[in-house]
Structure formats: C-alpha cells, structure tokens
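As a plain string of letters, each chain reads:
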Amino acid sequence: GSEVQEIETYMRENTTNNEKTDLFGVAEDRNVIFVSVESMQNFVLDEEVNGKEITPFMNDLKESSDTIFFPNFYHQTAQGKTSDSEFIVENSMYPLPRGAVYFTHAANEYNSLPEILNEEDYYTSVYHANNKSFWNRDTMYANLGYDKFFDEQSFEENEENSFGWGLEDKAFFEQSIKYLKEQEQPFYSKFITLTHHFPFELPEEKAHIDKYNSNSKTLNNYMPTARYTDESLKGFFQQLKDAGLYEDSIIVLMGDHYGISDFHNKAMSQFLGTEIDGYQHIQNQRVPFMIHIPGYEGGKQYDKIAGQVDVKPTLMHLLGIEEENDLSFGTNLFADERKGFIAMRDGSFVTDEYIYKGEVCYDRETGEPIETASEQESPCLPFKEKVDKELAYSDSLIYGDLLRFYDFDEGERQTKEEVEEKEKKK
Ligand code: GP9
Ligand code: MN
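Definitions and limits used
- Residues numbered from 1 in each chain as written.
- Chains lettered and ligands numbered in written order.
- Predicted model: local features only at pLDDT ≥ 70, side-chain atom pairs only at ≥ 80, totals over all residues.
- Heavy atoms only, no water.
- Axes fitted to C-alpha atoms, helices over the stretch in contact; angles between N-to-C directions.
- Helix = DSSP H or I, 4+ residues; strand = E, 2+ residues; numbered from the N terminus.
- Parallel < 35°, antiparallel > 145°, perpendicular 65-115°, else oblique.
- Contact = heavy atoms within 4.5 Å.
- Nonpolar A, V, L, I, M, F, W, Y, C, P; charged D, E, K, R; others polar.
- Pairing = 2+ DSSP bridges.
- Near = heavy atom within 4 Å.
- Polar contact = N/O pair within 3.5 Å; in protein donor to acceptor, adjacent residues only side chain to side chain.
- Areas by Shrake-Rupley, 256 points an atom, 1.4 Å probe, with all protein chains shown as cover.
- Core = buried A, V, L, I, M, F, W, Y, C linked by side-chain atoms within 4.5 Å.
- Buried < 20%, exposed > 50% of the residue type's maximum accessible area, 1.4 Å probe, protein only.
- 1 Å grid on protein atoms, 1.4 Å probe; cavity = no way out; pocket = protein on both sides within 12 Å on 5 of 7 lines; lining within 4 Å.
- Points joined across faces, edges and corners; volume = space filled by probe spheres on them.
- Donors = N, O, S within 2.8 Å, 3.2 Å for Na, K, Ca; no water.
- Tetrahedral: all angles 85-135°; square planar, octahedral: opposite > 155°, others 65-115°.

Visitor: Would you take a moment to explain the packing of helix α3 (residues 81–91) against helix α6 (residues 137–144) for this structure?
Guide: When two helices pack together, their arrangement is given by the angle between their axes and by how far apart the axes lie. Across the interface, α3 lies against α6 with an axial gap of 12 Å and an inter-helix angle of 0°. In terms of their interaxial angle, α3 and α6 are classed as roughly parallel. Residues T82, E86, F87, E90 and N91 of α3 lie in contact with α6, whose contacting residues are R137, M140, Y141 and L144. Here the residues of the contact of α3 with α6 sort into four nonpolar, two polar and three charged.

Visitor: I keep staring at the sheet that holds strand β6 (residues 123–127) and nothing clicks. Help me out?
Guide: What the seven strands build is an open sheet, ordered β4-β12-β11-β1-β10-β6-β7; its pairing is mixed. Looking along the sheet, the strands with just one partner apiece sit at the ends: β4 (67–69) and β7 (148–150). With direction set aside, neighbouring strand axes in the sheet form an average angle of 15°. As paired elements, strand β1 (residues 31–37) and strand β11 (residues 249–255) share seven bridges and run parallel to each other. Of the residues in β11, the one forming a bridge with S36 is M254. With respect to the sheet, helix α2 (residues 56–63) is in contact with β4, β11 and β12 (289–292), its orientation differing from that of β12 by roughly 65°. Contacts from helix α7 (residues 169–182) reach β1, β6, β7 and β10 (187–192) within the one sheet, and its direction differs from that of β10 by about 160°.

Visitor: Before we go on, may I ask you to explain the site of ligand 1 in this structure?
Guide: What surrounds ligand 1 is the set E38, K81, T82, H128, N130, F134, W135, R137, W165, L194, H197 and H257. Measuring from an oxygen atom of ligand 1, one finds a side-chain N or O atom of H197 at 2.8 Å. Between H257 and ligand 1, the recorded distance is 3.0 Å, taken from a side-chain N or O atom to an oxygen atom. Relative to its unbound accessible surface of 310 Å², ligand 1 loses 95% to contact with the protein.

Visitor: How should the sheet that holds strand β16 (residues 354–357) be read in this particular structure?
Guide: Within a sheet, each strand pairs with its neighbour through backbone hydrogen bonds, oriented either parallel or antiparallel. Reading across from one edge, β14-β15-β16-β17 is the order of the four strands in this open sheet, with antiparallel pairing throughout. In this open sheet, the two strands that pair with only one neighbour each are β14 (341–343) and β17 (360–363). Within this sheet the neighbouring strands show an average axis-to-axis angle of 15°, counted without direction.

Visitor: How do you make sense of the nonpolar core when you look at a structure like this?
Guide: A general tendency of soluble globular proteins is for nonpolar side chains to be buried together. Among the nonpolar cores identified, the biggest contains 71 residues, and F70, Y110, Y188 and F289 are the most heavily contacted of them. With near-sequence residues (within four places) excluded, Y110 lies in contact with F87, N91, M93, V101, H105, E115, M140, N143, L144, I398 and L403. Counting 46 residues, the second-largest nonpolar core is a separate cluster that includes V49, F57, Y127 and F187.

Visitor: Sorry, what's going on with empty space enclosed by the protein here?
Guide: Over the atoms a probe the size of a water molecule is rolled, and this reveals where empty space is left. Summed over all chains, the structure comprises seven cavities of 30 Å³ or more. As a volume, the largest cavity reaches approximately 70 Å³. Around the largest cavity, the lining residues are F163, G164, W165, G166, L167, L194, T195, H197, P199, F200 and E201. Residues belonging to the lining of the largest cavity are distributed by class as follows: six nonpolar, four polar and one charged.

Visitor: Is there a simple way to think about the coordination of the manganese ion (ligand 2) in this case?
Guide: Six octahedral donors at a metal ideally form angles of 90 or 180 degrees, and four tetrahedral donors ideally form angles of 109.5 degrees. For the manganese ion (ligand 2), every protein donor is listed as E38 (OE), E38 (OE), T82 (OG1), D256 (OD) and H257 (NE2), and the spread of their distances is 2.1 to 2.5 Å. Angles of 56 to 168° at the metal separate the six donor atoms of the manganese ion (ligand 2), which places the site in the irregular class. In the primary sequence, the donor residues of the manganese ion (ligand 2) line up as E-x43-T-x173-D-H. With E38 in the loop between β1 and β2 (48–49) and H257 in the loop between β11 and α9 (265–272), this residue pair connects regions lying 219 residues apart in the sequence. Classification of E38 by relative accessible area gives buried; the value is 2%.

What follows is the structure, given as structure tokens:
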C-alpha cells in the first residue's frame, strides 16, 4: 500500500499535469490515425542520397501549416523494440530494463489510452500485417482494451506485394482503407509499418533512390527503404482524402525506435560528417514525431525536448479529454510546466541544457563534455538521481502490478481486500 502511495504522490507532484492550454480540444471528436513508422530516425529528414531527398513527403509534411512538429523527440525503447514503443505510448510509462513488458506483464492492470478512448465512445483498432502473436500483441491488445486487431489475416499477400518481413507498406495502407471506412467514428486506429525494418531489403524495381555508399550494408540499404516508406505515407494521405476520412481526422506519425545501431558508427559518422560519441549517440535516438491536423493552420515547430512517454497526455489534450485521475510519467507537450528531463531506459537522459550518456555529462548545445573536479559536482547529477528514481518507480508499478490498487474512476487507492473482491467478481 505505502509504495503505491509514494509513487502516486510522486507522479501527482512531478509528472502528471492537467494544465489546460490553448490547444486543449483543438482536435475534439476527430478520428486519430496513429502511424508507428518502423525504424525511422530523424537523421534522414532533409537529407539526400546522390542528389535525391530520402524523405520528401515527411520533409514537406513537417513544414505544413497544419502540422505540429517536434524535432527533439526521443524514442525511449529497450529490448522490446516496437512493442516497447507501443507500451510507452499507450500507458505513458517506461518499458522494462530487460525483456519486453508486452510478454512479461501482459495481464497487468493498466489505464491505457485505448481504454480511456473507449470510455469516450471511440472505436479503437490496430493495423499490422504480421502474425498476431508477434510480441504477444493479441494478448496484450485485448488487455489494453483495443476493440479490434487487423493482423496479417486481414490482408492479401502475394508474390508481387510481399518481401522481407511480409506485406509491403504500400499494399498495407491500400488494403487498410476498406476497413477504416467501415469503422464507427470517431475512431483511434494505430498503423504499424514494416517495410523499413532491418535488414532493410527492397527489390530493386521498388526503389525510388540509390543505396548509400559506405562500409555498412545496413546503412546503405536503410536509405531506399526509408524512401519507400515515405512514399507509402504519401499514398496513405491521398487514400484518406479519397475515402473522405482526411478532414475529420488527425494523423500522427511517430518513429518507433532506432534502425541503425552502434555497430554502424563508422558509416554513420561518414553520413553525418561527425564523430559518434555519447552525445551524438543520444542525438541519433531522435525519431520523427509530427501531428497533422487538417485545417488547423496553427502548425509550427516546437523545439522543446520530448519523448514517447509524452504522447498519451499530449493526444488526450488535443482531443479535449479530461482525465484528472490519470497517472502518467509523461506530460502534455504543450504545458508550460513539465519536468525537466527525457529519460532513456538505460539511465541516460536529455535535459534542456545537458545530455548524459555513459557517465559523461555533455553540454546539450555544444556537445562538449562538462569536466568537473568530482562526479558530485557534475551539473547532471541532480537530474541523474531523478531519472533513476523515476525509472525505478515505473518498474515497481509494472513488477508489482500496482495499478490494480488504484481506482482511476474515483481517483482513489484501494485496499488489497477491495481489489481481491473486485477480481473475484470478474
Ligand atoms: C514486428 C514489427 C517489428 O511485428 O513490429 O518489430 P521490431 O523488431 O521492430 O520490434
Ligand atoms: Mn520496430
């Protein structure tokens, strides 16, 4: 009991924020089309290979007057990869330090985004053309309250439209539209792309741009599949317009996690024109995050630091959903008062002024290490203590399934006896 109380108090005072801004409800009653873009990292944005843009569609989209773009948005995933990014977005909690919470704690009590949206009369679904049990999704999705999972059985694969991991993204989006049109509105639908996935294979005739030229086959291949997925997104936007779904929806694009690991640092430093030290490693963990609101006209770039834990409260804010009893480790990104750090799962972090990685505290603006006489004097230290505490709290909630002691409707803690009573009734 007292541990739940301690964590709840911490979250109330430090992380959860119910402040209302001008953006509260700007997307009220709209459908939400959330695209989890496989392995997409920011370093390809506004870049070219042999004179051709790698992501022309996203480059334009982020500049649109209907788009809110966060260039300093970091993924926070660990071993659970895509499933970790899903978990973070759905719950505004951290994934686990080891293993995938989608496998290890799929029966826990959560106060997930789909559950909250269901209560607001949203229809909720996921589209992903892979085996339904991959990452234990079928089990976890049911627990998180999704109404429907359109897995690979909902799609038609043939020799023309599939390679590598399976159905190609262009066909995936095309074939999804017929289901999307039938859904009751408003809906929240998550799309998880697949083509731009390690080892980034693509039949030559499907490539729009050249491969990169370096000692890393992975990085070389990464460019044409990034462009392929970018083209598939362009197609999807057009299909949404043709289906009459565009105007009444908001479309969110988010990179799920890195696609290029540290094994490719030599090639990456060639591409970026800079050494990959701890600082640059963290900067490379930035993934696209853009919220496109057709007709909004207030679009702009927000440079503030942001992370996947912030997505749930941010979307709820835009949709105008008040959930004063919710608990989150992330904050609505438009709020003035936010805690001052973005924590990575391994304990590294980003603040307005610093980046901490591998026990080195870097100046965020210059990228230079900050030397101090002792570790105790490092300006990163006070943040480090907060980050470690917050990650430990999130882990405790998951390992102990502690949210079952919390009544989100009433905003009250429940005793063990009350919880047992409730579980018996199920
Ligand atoms: C698999 C897809 C990719 O269904 O989501 O998973 P990943 O390897 O990126 O976690
Ligand atoms: Mn992934």
